[in-house]
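The chain contents come next:
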Amino acid sequence: MSILFPDPTARRARARETWRRVTTAAASLALAVTGLLAFGAPPADAAAAAWTPKPAPMTTPWTNQVPVDSPLPEYPRPQLTRPDWANLNGIWDFAVTSRDAGQPATFGEQIRVPFAPESSLSGIQRRITENDKLWYKRTFTVPAGWNGRRVQLNFGASDWETTVRVNGQAAGAVHRGGYDAFSYDITPLLNGGTNTIVISAHDPTQTGGQGVGKQRIQDVTPHAGNSIFYTASSGIWQTVWLEPTAAAHITRLDMVPNLQDSTLRVTVRGADGASVRVTVSSGGTQVGTATGTRGQQITVPVPGARLWTPEDPFLYDVTAELTGSAGADRVGSYAGMRSVSVQDVGGVRRPVLNGSFVFQTGTLDQGYWPDGIYTAPTDAALRFDLQKHKDLGFNMVRKHIKVEPQRWFYWADRLGLLVWQDMPSMDTGKSPSGAARTQWENEYRAIIDQHRSSPSLIMWVDQNEGWGQYDQARIADMVKAYDPSRLVNNMSGVNCCGSQDGGNGDVVDNHNYVGPGNTPTESVRASVLGEYGGLGFRVSGHEWYPGGGFSYEDQATLSALNDRTVGLLDGMRENSMPAGGLSAAVYTQITDVENEANGLLTYDRQVVKVDEARVRAANQALIAASRTVAPPVRLTPEQYVSIRVTTPGYTDRYLRHVDGLATTEVVNSASSALLKADATWKVKPGLANRLCYSFESRNYPGEYLRHRDFRVRRDANDNTAVYRDDATWCPVQGSGGIRLSAAAFPRQYLRHVNAEAWLAQQGGTHTWDNPASFVPDTTWAISAPWAP
């Protein structure tokens, strides 16, 4: 266990160094900051003389580093940059009314935007319900240098129904959606002097029909319970900002790399009918350029492309400019050259990056903070969680039913992490209404549009464990058609919680706690593990609600936590990947979240619980093994075999059953017919995985070799999922034979001990796990049957 930021001085030093790196990186992509321009006096009608934050339930290293007047000052849209902009984050007047009330006459409080009112960093820290409406107000003046240009008012995100008025007039249509950016051209509403913005937001959270992810209306201070659901985050929770543009201007760049012909396909959105030029460069040197028309795909050559990978996340600079007149719009961006698809690799369907299989090992990342809830306190904090993935050796992250600000994707792109992006689910246990479905799909498409050019994002995850599930197959087809450049996961956790698999998409995804186990392989989709792990350890002094934390499997000591975590990763490397066909796995989770104590880090990001070097080494070994993974060991189904011991001195013994229990016994030509039959098994396709095998008794058809409470026996097939797992054995190549691992328990092997057959694990605590001759005892030869 390592303590991060052990004292305030160290925290401040690290924050300063992180800020230096952040600003340097931002400058390299020309994310120019105009800064807080003249925005008039502070809010005038607030009751409080001076705003102060509320005490955070837990203090992160960045809690006290948040500026009062200019939180999150970084340019918020790294893939569409302009040199002039103005940040509206800071102190706003604030009020809460009933949901149907009009604008209040006075705003009696102050809030620090963009932190949600439930959070301590907002200065409000209060429970917001479906009966409340939030009101925000502030003034600003437009800089003189912006004269003659249009003024755009931009929102990173506001949850959920947001109305914007400038100088008493509606800025545009009501925006509905909690995770997508939106903008208004407010030029006609400006008065040439001090302007007033008033924003209202209503967020019904789980009582409405919209996507909410893990948000639930609850007390905002730590308390017992609430399991895997967390405090809601209502209203504005991402940066609010102004930006001057030309009347004809670019609104989005859709960029798709094509490795087959070394080109970047770019579609410039906005500025109807305009001519555009797109240029790709590297280190200030032009690589390729092309011209075309707005709305049509432009093919830009990128000869000898340097590919984007987690090991080398190289980014090209991109500029797009309208060419029709002097002073026309020009934007900066970046792109990574990479491809992702599903292909056959050694007879197994695998996801491939740039044409090659690499095992995707990552964590479940919920994106919650004890001080900011949905909003990271600083950009350095936002980067930190992704950097810890890299430090721990992971190459992937699953952003779990939340969508982060665009700067989070910027850091994933720069650091080199493969991103699985979940669409935030609707509430559990409900069939969504027609209106809710329409809204959810519209918001999903808006999210895809917003992030479709990020090279790190490789897979869309439509639904999770059946929460608000409907039309799974249709939605997967819709998403694939809308963004054919990425993989689609129609349902994460198809084996869990009443969920229904749509049967399509690019992957089939199981959840397995603690796991890792396997996801049954298919001939079309790649097999992945959307969730596993959940190992728990509570660190005193770093608990959200002391004593209230839970996990899927508590560990008594840090040593046990490390051994168990590394063992899960090793099990995938040794068995799940080569024998069971597993291609990706998501560990639950990167940090504790509220009362979930199953993070690799504590919720306050102050402590790394696991041995970072050991976990990194295990992840690196898993990734390295995937690059040279051999085809699975093949047996011939529907043929009878006998299974012979290979341990020196015992090679005349065979696996047999006696009164239902599996044992080993000497078998030769003089043996009885019964013994020969008991030592003969029919090879069947694995009941739980087609790449693995099940062994049916020769003289008891319908009964299979399975493990139960570690003892291996012959049992009748009751067709339960547990039985199918227990009766499925995944072979890996051994010295002089094969080793048979349990499909659901990688690293646990069929072993003989004192003529008895057990499910054993090297280094385990049982007598049958003893290390003496472990490898020979778990290696078997597949021989001709004694009873054909």
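Everything below is about the structure printed above this text.
Criteria and thresholds
- In this numbering scheme, every chain counts its residues from 1 along its sequence in written order.
- Residues qualify for local features only when their pLDDT is at least 70, as the model is predicted, and side-chain atom pairs are given and counted only at 80 or more; totals for whole chains, interfaces and linings, by contrast, use all residues.
- With hydrogens and water set aside, each side-chain value is computed from the structure's full complement of heavy atoms.
- Elements are defined by DSSP. Helices are runs of H or I of four residues or more, strands are runs of E of two residues or more, and each kind is numbered from the N terminus.
- Within these notes, the globule rule equals 2.2 Å times the number of residues to the 0.38 power, and the radius of gyration is based on C-alpha atoms.
- The cut-offs for exposure are 20% and 50% of the maximum accessible area for each residue type, with area from a 1.4 Å probe on protein chains only; residues under the lower value are buried, those over the upper are exposed, and the others partly exposed.
- Contact definition: two residues touch when any of their heavy atoms are within 4.5 Å.
- With residues, only the protein chains shown are counted as cover, and all accessible areas are computed by Shrake-Rupley using a 1.4 Å probe.
- Counting rule for charge: Lys and Arg are taken as positive, Asp and Glu as negative, and neither His nor the chain ends is counted.
- For charged residues, the charge sits on one atom: NZ in Lys, CZ in Arg, CG in Asp, CD in Glu.
- Strands qualify as paired when DSSP identifies two bridges or more between them.
- Within this document, salt bridges are pairs made up of a side-chain nitrogen of Lys or Arg and a carboxyl oxygen of Asp or Glu, the two lying within 4 Å of each other.
- Whenever two N or O atoms come within 3.5 Å, that pair is a polar contact, provided that in protein one can donate a hydrogen and the other can accept it, and provided that, for residues adjacent in sequence, both atoms are side-chain atoms.
- For every element, the axis is a line fit to its C-alpha atoms; helices are fit only across the contacting stretch, and the angle between N-to-C directions ranges from 0 to 180 degrees.
- Crossing handedness: left-handed means the near helix sits turned counterclockwise from the far one by under a right angle, and right-handed means the same turn made clockwise.
- Each residue gets one label: Ala, Val, Leu, Ile, Met, Phe, Trp, Tyr, Cys and Pro are nonpolar, Asp, Glu, Lys and Arg are charged, and the others, such as Gly, are polar.
- Counting rule for disulfides: a pair of cysteine sulfur atoms within 2.5 Å.
- Only protein atoms enter the 1 Å grid used here, on which a cavity is any set of points holding a 1.4 Å probe that cannot leave and a pocket is any open set flanked by protein within 12 Å on both sides along at least five of seven lines; residues with an atom within 4 Å of a point are listed as lining.
- Grid points are joined across faces, edges and corners, and a volume is the space filled by probe spheres set on the points.
- Note on terminology: angles under 35 degrees are roughly parallel, angles over 145 are roughly antiparallel, angles of 65 to 115 are roughly perpendicular, and the others are oblique.

## With respect to the overall build of the protein chain
Then, number 1: For the protein chain, the helix and strand inventory stands at 10 helices and 49 strands.
Then, number 2: Relative to the 2.2 N^0.38 estimate, which gives 28 Å for 788 residues, the radius of gyration of the protein chain is 29 Å and therefore close to what a compact globule would have.
Then, number 3: Scored against the burial criterion, the 788 residues of the protein chain give a buried share of 61%.
Then, number 4: A separation of at least 24 residues holds for 67% of the contacts in the protein chain among residues at least 6 apart in sequence.
Then, number 5: Approximately 27,400 Å² of the protein chain is accessible, and the part contributed by carbon and sulfur atoms is 50%.
Then, number 6: Computed over 74 positive and 77 negative side-chain charges, the separation of the two mean positions in the protein chain equals 3 Å.

## Examining the environment of Tyr723
Then, number 1: As for its placement among the helices and strands, Tyr723 is situated in helix H9 (residues 721-726).
Then, number 2: A sequence separation of 15 residues divides Tyr723 from Arg708, and the C-alpha atoms of the two residues are 8.9 Å apart.
Then, number 3: Those residues in contact with Tyr723 that lie beyond four places of it in its chain are Leu687, Glu703, Tyr704, Arg706, Asp715, Ala716, Asn717 and Asp718.

## Structural notes on the pairing of strand E33 (residues 526-533)
For a regular strand, side chains alternate in direction, first toward one face of the sheet and then toward the other.
Then, number 1: For E33, the buried fraction is high: eight of the eight residues fall into the buried class.
Then, number 2: With six bridges joining them, strand E32 (residues 507-512) and E33 adopt parallel strand pairing. Paired with Val508 across the strands is Ser527, a residue of E33.
Then, number 3: Relative to strand E36 (residues 582-588), E33 runs parallel, the two sharing five bridges. Within the sheet, the bridge partner assigned to Val528 lies in E36 and is Ala584.

## Describing the sheet that holds strand E25 (residues 348-353)
Then, number 1: On the basis of which strands lie adjacent, the open sheet formed by three strands has the order E24-E25-E26 and antiparallel pairing. Of all strands in the sheet, those bounded by a partner on one side alone are strand E24 (340-345) and strand E26 (356-357).
Then, number 2: Looking at chain direction, E24 and E25 are connected through six bridges and run antiparallel. The residue of E25 that forms the bridge with Val345 is Val348.

## A closer look at the pattern of salt bridges
Then, number 1: Throughout the structure, instances matching the rule amount to 53 salt bridges.
Then, number 2: The salt bridge involving Arg407 is made with Asp379; its shortest N-O contact spans 2.8 Å. Taken together, the positions of Arg407 in helix H3 (residues 406-415) and Asp379 in helix H2 (residues 379-391) put the pair 28 residues apart, joining distant regions of the chain. Each member of the pair, Arg407 as well as Asp379, carries the same accessibility label: buried.
Then, number 3: Of the charged contacts in the structure, one is a salt bridge between Asp449 and Arg452, with a shortest N-O distance of 3.0 Å.

## Examining the side chain of Lys133
Then, number 1: By the element assignment, Lys133 lies in strand E5 (residues 132-141).
Then, number 2: Buried charge Lys133 goes without a salt bridge, the closest partner of opposite sign being Asp100 at 6.3 Å.
Then, number 3: With near-sequence residues (within four places) excluded, Lys133 lies in contact with Ala95, Val96, Thr97, Ser98, Arg99, Ala101, Ser200 and Ala201.

## A look at the side chain of Asn354
Then, number 1: As for its placement among the helices and strands, Asn354 is situated in the loop between E25 and E26.
Then, number 2: The buried category is assigned to Asn354, whose relative accessible area is 18%.
Then, number 3: In this structure the side chain of Asn354 is engaged in a polar contact, spanning 3.2 Å, whose partner is the backbone oxygen of Trp308.
Then, number 4: Setting aside anything within four residues of it in sequence, one finds Asn354 in contact with Leu259, Leu307, Trp308, Thr309, Met337, Arg338 and Ser339.

## Brief notes about the sheet that holds strand E19 (residues 275-282)
Then, number 1: Ordered in space as E20-E19-E22-E23, the four strands form an open sheet in which the pairing is antiparallel. Two strands in the sheet have a free side with no partner beyond their single neighbour: strand E20 (285-293) and strand E23 (330-335). Direction aside, neighbouring strands of the sheet carry axes that sit 20° apart on average.
Then, number 2: Inspection of the sheet shows E19 paired to strand E22 (residues 316-322) by six bridges, in the antiparallel sense.

## Let's talk about the packing of H2 against H3
Then, number 1: Two numbers describe how H2 lies on H3: the axes approach to 10 Å, and their chain directions differ by 35°. Crossing hand, H2 versus H3: right-handed. Contacts from Asp379, Leu382, Arg383, Leu386, Gln387 and Lys390 of H2 reach H3 at Arg407, Trp408, Trp411, Ala412 and Leu415.
Then, number 2: For the contact of H2 with H3, the per-class residue count stands at six nonpolar, one polar and four charged.

## Here we look at the state of the cysteines
Then, number 1: Counted under the stated rule, the structure contains two disulfides.
Then, number 2: Disulfides within the protein chain link the bonded cysteines, taken in sequence order, as 1-2, 3-4.

## So, the layout of surface pockets
Then, number 1: The computed volume of the largest pocket comes to approximately 1,100 Å³.
Then, number 2: What lines the largest pocket is a set of 45 residues, and nearest its centre among them are Gly515, Pro516, Gly517, Ala744 and Phe745.
Then, number 3: Those elements giving two or more residues to the lining of the largest pocket turn out to be E32, helix H6 (558-576), H9 and strand E47 (745-753).
Then, number 4: With eight residues, H6 is the single largest residue contributor to the lining of the largest pocket.
Then, number 5: Together, 46 residues line the second largest pocket, and Arg77, Ala181, Trp241, Gln406 and Gln450 are the ones closest to its centre.

## Considerations on the packing of H6 against helix H7 (residues 612-626)
Then, number 1: Close contact between H6 and H7 brings their axes to 9 Å; oriented N to C, the two are set at 5°. With respect to each other, H6 and H7 are oriented roughly parallel. Every residue of H7 that contacts H6 at Asn562, Asp563, Thr565, Val566, Leu569, Asp570, Met572 and Arg573 is listed here: Arg614, Val615, Ala618, Asn619, Ala621, Leu622 and Ala625.
Then, number 2: Tallied by class, residues from the contact of H6 with H7 come to eight nonpolar, three polar and four charged.

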